Every structure is written in C-alpha cells, then in structure tokens.
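Coordinate inspection notes
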Amino acid sequence: MTYRGRFAPSPTGPLHFGSLVSALASWLDARAHGGAWLVRVEDVDAPRTVPGAAEDILDTLDRFGMRADEPPVWQSQRSAAYQQAFDALRTTTGLVYPCGCTRKEIADSLLHVHARHTTLAYPGTCRHGLNGKPARAWRLRVPDGAAAVIRFDDRWQGPQAQDLATEVGDFVLRRADDQWAYQLAVVVDDAEAGITHVVRGADLLDSTARQIYLQQCLGVPTPSYLHVPVVTNDAGEKLSKQTGATALDVRNPLAALHAAADHLGLQLEEKRYASLDAFYAAATRAWMRRLTQLRGG
Ligand code: GLU
C-alpha cells in the first residue's frame, strides 16, 4: 500500500495553533510512513469561507516547511464531483430523500439528545414523504437496528462505535441553502485522492462513522483514521477563530512547532532544534515512538 495522507483546512481564518497541531500530525505521520502528503482547501461551505484565508493558510504551511507533494485541491471547484456522487447515491441506493423540516421542527420533534455531542438525531420525519412541505435539504437514510452501529479502530483514540440511527439519524448531503454538506465532500475528495490515512483533530471523531457509512454506500475504500487531541482555550472550548484563536507568528515557525509537538506529547531528543529540517527529523522519530506507546507497545 502506498501511503497517502492529507491536511484539509477550512479557510475560515488564518492558520491557528489548533490547526497547526492537525497539520503537523498529518505531516509527521506521512513522513513516518514514507508517504505522500496532500493539502485540500475545504472551502465547500461558501458562506463560511473568508476571502484570502486559503492563500494565507497555504503561505503559512510553506513558511513552516510543510510542502504538499501535489497541487492543492479546492473544494469550491469540485461541485460536479459532488453532484455525480449524489446522483449515484440517489439512483443506486434509493436511500436519498428530500426533507422539508426546519431546524425548529426537528428540535421540537426530537427524540434523542446524545450527551456526548450536541448532534441531534434527526427523527426521520420526511422519510416517507414531504407531507406537502417544500423540499429544503436532501438526506441520506441510515440503517435501523444493529446495522446502524459503525465501528472503527482509531489509531490514537482506540476502538470507536457510533449508532447512526440513535446518535445521528438520516443526515444531510445537500443543505437547504444549496451547499454540499461537508460529509459528502470529504468522502468524495478523500476517495478521489486515494487517501489511505486520515489524520485530523478529535473534533471530527464524531463525523467519522457518517463518513464510513457514506464510503460503504458509494462503494469506495475506508481509510484508516487517527484523531489527535484538540487544542482548547482556558474555557475548555476547541480553539477556533470563534473562540479567539490568534493567528500563528509566521516569523517564528520553530517556536510554534515545538509547542505543537509538545501538545502531541512528542518527546524530542533535544529541547530545542535550530532548523526546520532538524526539528522535523526529530519530530518524525518522536511521532513513531508516540504511536508505539499509544498501542501499549
Ligand atoms: N475541514 C475540516 C476542518 O478544518 C477538516 C476535515 C477533515 O480533516 O476531514 O475542521
């Protein structure tokens, strides 16, 4: 197997420390496997995309010495591929249906509120028809019963299981505002790029079962997954532009990289490396030791 990994930032602002940690983890894992490392600009959500942020992120990665092996893929240019996958799902699986529910209606008819996450399981109201309501979004039907439980072994977090029926419900592929849903875009793009290993922040652990199910419906391979601990602020919130994450100091990449390695629990042989090359070589070795340690080896 030829290892192919990726870093997939959403250009909602400049690269911050939390996204640097994900970038570094995916970069080190690709290096540790002697594999390819790709970058995908996840600007599928047009309303959330900040003009200039993608260029800024790509420039920061370059200054930090993380260079992709292939030109970046931009989700905003991939609508035709998402449409094709959506049409294939609609015609071959019969599991795609239009939904006329508003957020408020879903909240009102809610059956389950899962404690681990704020995702509210959609109760399947429109499964059997719109009842005269106009179509807003398009959903993918999830299995019922035991078949709804998706299991995977996360290389960092260990064995995972999620019951799509009770914890998620039929989920959106195309949103009411006509945007392609993140879940569909990621699965289509990872499959087309031949991604074998996904390394990203643990905030996406909760999306993984949906992505595996979509891969099964589309008949594409499931990559292996590794979710690194997310960086939180003092209030325990995931670091993001909304929670006040500041942009990285691009004049001092080594300081930020040492801090990111520290967050990942990497034990570098020396406290401080003076060049990017020396840092990455040491961090790659430390990454391999960290993974062995996580597996209890
Ligand atoms: N674009 C997502 C984010 O920035 C990451 C998606 C992924 O790695 O699958 O949170």
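Below is a summary of the structure that appears in this document.

Basis of the calculations
- Residues numbered from 1 in each chain as written.
- Predicted model: local features only at pLDDT ≥ 70, side-chain atom pairs only at ≥ 80, totals over all residues.
- Heavy atoms only, no water.
- Salt bridge = Lys/Arg side-chain N within 4 Å of Asp/Glu carboxyl O.
- Helix = DSSP H or I, 4+ residues; strand = E, 2+ residues; numbered from the N terminus.
- Buried < 20%, exposed > 50% of the residue type's maximum accessible area, 1.4 Å probe, protein only.
- Axes fitted to C-alpha atoms, helices over the stretch in contact; angles between N-to-C directions.
- Parallel < 35°, antiparallel > 145°, perpendicular 65-115°, else oblique.
- Left-handed = near helix turned anticlockwise from the far one by under 90°.
- Contact = heavy atoms within 4.5 Å.
- Nonpolar A, V, L, I, M, F, W, Y, C, P; charged D, E, K, R; others polar.
- Near = heavy atom within 4 Å.
- Polar contact = N/O pair within 3.5 Å; in protein donor to acceptor, adjacent residues only side chain to side chain.
- Areas by Shrake-Rupley, 256 points an atom, 1.4 Å probe, with all protein chains shown as cover.
- Expected span 1.5 Å × (residues − 1).
- Arc of directions from axis to C-beta.

**Considering the pattern of salt bridges**
- All told, the structure shown has 19 salt bridges when counted by the stated rule.
- Between R6 and D190 there is a salt bridge whose closest N-O contact spans 2.9 Å. On the criterion of sequence distance, the pair formed by R6 in strand β1 (residues 4-7) and D190 in helix α6 (residues 182-192) is long-range, its members being 184 residues apart. Neither residue differs from the other here; R6 and D190 are each classed as buried.
- Here D177 makes a salt bridge to R175, at a shortest N to O gap of 2.7 Å.
- We classify D177 as partly exposed; its relative accessible area is 39%.
- Through salt bridges with shared partners, a single ionic network connects R6, R40, E42, R78, D189, D190 and E192.

**Points about the packing of helix α3 (residues 79-93) against helix α7 (residues 205-218)**
- Close contact between α3 and α7 brings their axes to 10 Å; oriented N to C, the two are set at 70°. In terms of orientation, α3 lies roughly perpendicular with respect to α7. Here α3 and α7 pass one another in a crossing that is left-handed. Residues A85, L89 and T93 of α3 form the contact with α7, whose participating residues are L214, C217 and L218.
- Class assignment for the residues of the contact of α3 with α7 results in 5 nonpolar, 1 polar and no charged.

**Comments concerning the site of the ligand**
- All residues in the neighbourhood of the ligand are listed as R6, A8, S10, E42, Y182, R200 and L204.
- Within the side chain of S10, an N or O atom sits 2.8 Å from a nitrogen atom of the ligand.
- Here an oxygen atom of the ligand and a side-chain polar atom of R200 are 2.7 Å apart.
- For the ligand, the protein covers 82% of the area, taking 300 Å² as the surface of the free molecule.

**Topic: α3**
- The end-to-end C-alpha distance of α3 is 21 Å, a good match for the 21 Å that 15 residues give at a rise of 1.5 Å each.
- All of the buried residues along α3 are A81, Y82, A85, F86 and L89. For α3, the angular spread of buried residues about the axis comes to 135°, placing them on one side. Projecting away from the buried face of α3 at angles above 90 degrees are the exposed residues A80, Q84 and T91.
- G94 sits one or two positions beyond α3 and adopts a positive phi of about 65°.

**As for the packing of helix α8 (residues 253-263) against helix α9 (residues 276-294)**
- Between α8 and α9, whose axes approach to 11 Å, the crossing angle comes to 10°. Classified by the angle their axes make, α8 and α9 are roughly parallel. Contacts between α8 and α9 involve P253, L254, L257, H258 and A261 on the former and, on the latter, L276, F279 and Y280.
- Across the contact of α8 with α9, the residue classes tally to 7 nonpolar, 1 polar and no charged.

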